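Descriptive structure summary
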Amino acid sequence: MKEVMTPHVVSIAPEESAALAARLLARHGLGALPVCSAEGILRGMVTDRDIVLRCVAPEADPKSVPVKEIMSRRLAAVAPGDDVRQAARLMARRQIRRLPVVAEGKVVGMVSLGDLAQCGRYEMEISRALTDISSVVQKLSE
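Quick summary incoming for the structure in this document. (Residues numbered from 1 in each chain as written. Predicted model: local features only at pLDDT ≥ 70, side-chain atom pairs only at ≥ 80, totals over all residues. Heavy atoms only, no water.)

So, the environment of R49
With respect to the helices, strands and loops of the structure, R49 is situated in helix 2 (residues 48–56). Take R49: its relative accessible area is 54%, and that puts it in the exposed class. As for R49 and I70, which are separated by 21 residues in sequence, their C-alpha atoms are 9.9 Å apart. (Helix = DSSP H or I, 4+ residues; strand = E, 2+ residues; numbered from the N terminus. Buried < 20%, exposed > 50% of the residue type's maximum accessible area, 1.4 Å probe, protein only.)

Okay, here's the thing in structure tokens:
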């Protein structure tokens, strides 16, 4: 995993606002942020979709809603030594595009489907993961 993950991770604290999370996502061109304690321990993930569905749609004020109230807690993660194929299968099974890379509870990187695709060694698994995720998105939009 180390060879494909992005080691520089932008994260947010659980107490920070949904508005700050949205600004960080926009500024860094991201779709998800790990939510980490002051010690760097992964507590959740917040996505642009979480902000829209759990904060904006119910007409809550993003400046006053803490990330901990809208973050996803059901986490999937991989370890730095895990196999790239394992990450692709996990992404397909959980229908997610990004995974935190965690060592001893702390986020040490992020891996996305794009990272896996650039790896180039596991085209079949990555293609299958992208197809599985895309088919769910397509069904939801119909």
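As for helix 1 (residues 18–28)
Counting along an α-helix, one turn takes 3.6 residues, and residues three or four places apart therefore face a common direction. Of all the positions in helix 1, only A18, A19, A21, L24 and L25 are classed as buried. G29 lies just past helix 1 and shows a positive phi near 65 degrees.

Topic: the pattern of salt bridges
On inspection of all chains with the given rule, the structure shows 2 salt bridges. Of the charged contacts, one joins R54 and D50 as a salt bridge, the two residues approaching to 3.3 Å between their closest N and O atoms. Within this pair, R54 and its partner D50 are both found in helix 2, separated by 4 residues, close to a single helical turn. Between D83 and R85 there is a salt bridge, with its nearest N and O atoms 3.1 Å apart. Accessibility expressed as a relative area gives 28% for D83, which makes it partly exposed. Residue R85 is classed as partly exposed on the basis of its relative accessible area, which comes to 32%. (Salt bridge = Lys/Arg side-chain N within 4 Å of Asp/Glu carboxyl O.)

Quick word on the environment of M110
Within the element layout of this structure, M110 appears in strand 4 (residues 106–112). Relative accessible area serves as the criterion here: at 13%, M110 is assigned to the buried category. A sequence separation of 105 residues divides M110 from M5, and the C-alpha atoms of the two residues are 5.4 Å apart. Residue contacts for M110: discarding those within four places in its chain leaves M5, T6, V9, P34, M45, R98, L99, P100, V101 and D115. (Contact = heavy atoms within 4.5 Å.)

Overview of the pairing of strand 3 (residues 98–103)
Looking along a regular strand, one sees the side chains alternate between the two faces of the sheet. As paired elements, strand 3 and strand 4 share 6 bridges and run antiparallel to each other. Across the sheet, residue L99 finds its bridge partner in strand 4, namely V111. Here strand 3 hands over to strand 4 after 2 residues, with E104 in that stretch at a positive phi of 55 degrees. (Pairing = 2+ DSSP bridges.)

Quick word on the packing of helix 1 against helix 2
Relative orientation of the contacting elements helix 1 and helix 2 amounts to 150 degrees, with a least axis distance of 10 Å. Taken together, the axes of helix 1 and helix 2 lie roughly antiparallel to each other. Helix-helix and strand crossings are classified by hand; for helix 1 and helix 2 the assignment is left-handed. Residues A18, A21, A22 and L25 of helix 1 lie in contact with helix 2, whose contacting residues are D48, I51 and C55. Taken together, the residues of the contact of helix 1 with helix 2 sort by class into 6 nonpolar, no polar and 1 charged. (Axes fitted to C-alpha atoms, helices over the stretch in contact; angles between N-to-C directions. Parallel < 35°, antiparallel > 145°, perpendicular 65-115°, else oblique. Left-handed = near helix turned anticlockwise from the far one by under 90°. Nonpolar A, V, L, I, M, F, W, Y, C, P; charged D, E, K, R; others polar.)

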